[in-house]
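Secondary and tertiary structure notes
Okay, here's what each chain looks like letter by letter:
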Amino acid sequence: MTDPAAPEGAYHYGIMRRAIELIDARADAPPSLEKLAAEMRMSPAHFQRVFSAWAGVSPKRVQQYLALGHAKALLAERATVLDAAASAGLSGTGRLHDLFLRWEAMSPGDYARGGAGLTIRYGWFDSPFGEMLVMATERGICGLAFAAETGRDAALADMRGRWPAADYREDRAAVAPLVTGLFLGGEAKLHLIGAPFQIKVWEALMSIPSGQVTTYSDIAAHIGRPRAVRAVGTAVGRNPVSWLIPCHRALRKSGGLGGYHWGLPVKRAMLAWEAGRAEAG
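Residues numbered from 1 in each chain as written. Predicted model: local features only at pLDDT ≥ 70, side-chain atom pairs only at ≥ 80, totals over all residues. Heavy atoms only, no water.

As named in an unreviewed UniProt entry, the chain is methylated-DNA--[protein]-cysteine S-methyltransferase, taken from Jannaschia seohaensis. In UniProt, the chain has this text filed under Sequence similarities (unreviewed entry): "Belongs to the MGMT family." (UniProt positions renumbered as here; feature names shortened; annotations may be inferred.)

See the structure below:
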């Protein structure tokens with residue numbers, strides 16, 4: 001499994017992104033291993049090793065996911081009933097997906113002040129899904145963004161715009177201890193900065209185990225607002241801590257992927273990565 005501090009993570013994501021796009025685009029006539037490897041300018045054996053190390057399963061298995069309509073298959077086979085997940089202890093204070101998360105939320109009054117009085121440190125790190133931006137207050141990680149599709153400048157401007165009154169300081173060394181283990185089953189401490197409705201939605205997302213999915217309408221029902229599906233979708237899209245609050249696990253009821261703030265290729269890769277590990281696990 002790729003460590004976020006390893007320099008090859010973004011390189012491997014670039015290869016996997018292109019491979020998944022090819023597999024997805026040619027679902028009716030899946031390309032052979034040799035063809036995929038040639039497209040990646042790699043030998044078949046090396047491509048198989050790199051892909052399997054990243055996804056946890058072979059390229060052929062991912063082809064099978066996508067040929068079946070990966071999102072629809074996930075909904076049919078691995079949909080999470082959020083109320084059941086919560087009653088089983090999968091809540092903001094329990095074991096969540098691959099990590100143990102501890103979190104606290106900013107008060108509504110503090111949130112309304114746009115981060116005034118907060119010092120937010122940030123740094124850039126590698127990940128299985130390309131370069132990521134991690135931001136943190138003294139209480140924990142408050143922002144996590146992926147720049148593979150948007151670029152660094154847009155990702156940084158997006159995150160800074162969420163709390164415009166905060167004091168931002170680039171300080172990779174200060175943030176690095178919080179990043180270790182984020183993709184390896186470590187512990188993460190979050191400081192959620194959002195409006196009360198958003199935090200309810202994000203808490204529901206944290207109840208979805210790795211390798212499973214839910215729908216926007218199920219989230220709305222879970223938080224007691226069954227008619228607020230559109231508002232739920234907006235709150236999911238405004239999740240400031242991607243991956244740790246797994247907004248990529250929210251799908252349309254039809255089985256469509258829906259949107260993803262950091263780009264649909266990243267969402268597709270995350271779902272394939274998690275599904276592979278769930279199957280291999």
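Read on for the rest.
Moving on, we get to the overall build of the chain. Check the secondary structure of the chain and you find 13 helices and 9 strands. Per-residue burial for the chain yields a buried fraction of 52% across its 281 residues. Excluding contacts between residues fewer than 6 apart, the proportion of contacts in the chain whose partners are at least 24 apart in sequence is 69%. Accessible area of the chain: about 12,000 Å², with a carbon and sulfur share of 51%. (Helix = DSSP H or I, 4+ residues; strand = E, 2+ residues; numbered from the N terminus. Buried < 20%, exposed > 50% of the residue type's maximum accessible area, 1.4 Å probe, protein only. Contact = heavy atoms within 4.5 Å. Areas by Shrake-Rupley, 256 points an atom, 1.4 Å probe, with all protein chains shown as cover.)

Right, let's talk about helix α3 (residues 44-55) for a bit. Along its 12 residues, α3 runs 16 Å from first to last C-alpha, staying within 8% of the 16 Å computed at 1.5 Å per residue. Of the residues one or two after α3, Gly56 is the one with positive phi, at around 85°. (Expected span 1.5 Å × (residues − 1).)

Let us now look at the nonpolar core. Ranked by internal contacts, the top residues of the largest apolar core, which has 76 residues, are Phe129, Met135 and Phe146. Looking at this core element by element, the count peaks at 7 residues for helix α1 (residues 8-25). Phe146 has contacts with Ser127, Phe129, Glu131, Met132, Phe183, Ser242, Trp243, Tyr260, Trp262, Val266 and Met270, leaving out every residue within four places of it along the chain. (Core = buried A, V, L, I, M, F, W, Y, C linked by side-chain atoms within 4.5 Å.)

Among all positions of helix α12 (residues 229-237), only Val232, Ala235 and Val236 are buried. The buried side chains of α12 occupy one side of the element, clustering within an arc of 100° when seen end-on. At its buried positions, α12 is contacted by α10 (196-205), α11 (216-222) and β9 (250-251). (Arc of directions from axis to C-beta.)

Our focus in this paragraph is the pattern of salt bridges. Inspection of every chain in the model, using the stated rule, returns 8 salt bridges. In this structure, Arg152 engages Glu131 in a salt bridge whose closest nitrogen and oxygen atoms are separated by 2.6 Å. Highlighted residues: Arg152 in helix α8 (residues 152-162) and Glu131 in the loop between β3 (119-125) and β4 (132-137), separated in sequence by 21 residues. Judged by relative accessible area, Glu131 falls into the partly exposed class, the value being 26%. For Arg249, the salt bridge goes to Glu274, with nearest N and O atoms at 2.3 Å. Here Arg249, found in the loop between α12 and β9, pairs with Glu274, found in helix α13 (residues 264-280); they are 25 residues apart in sequence, far enough to count as distant. A relative accessible area of 2% places Glu274 in the buried class. Overlapping salt bridges bring together Arg17, Glu21 and Glu149 as one network. (Salt bridge = Lys/Arg side-chain N within 4 Å of Asp/Glu carboxyl O.)

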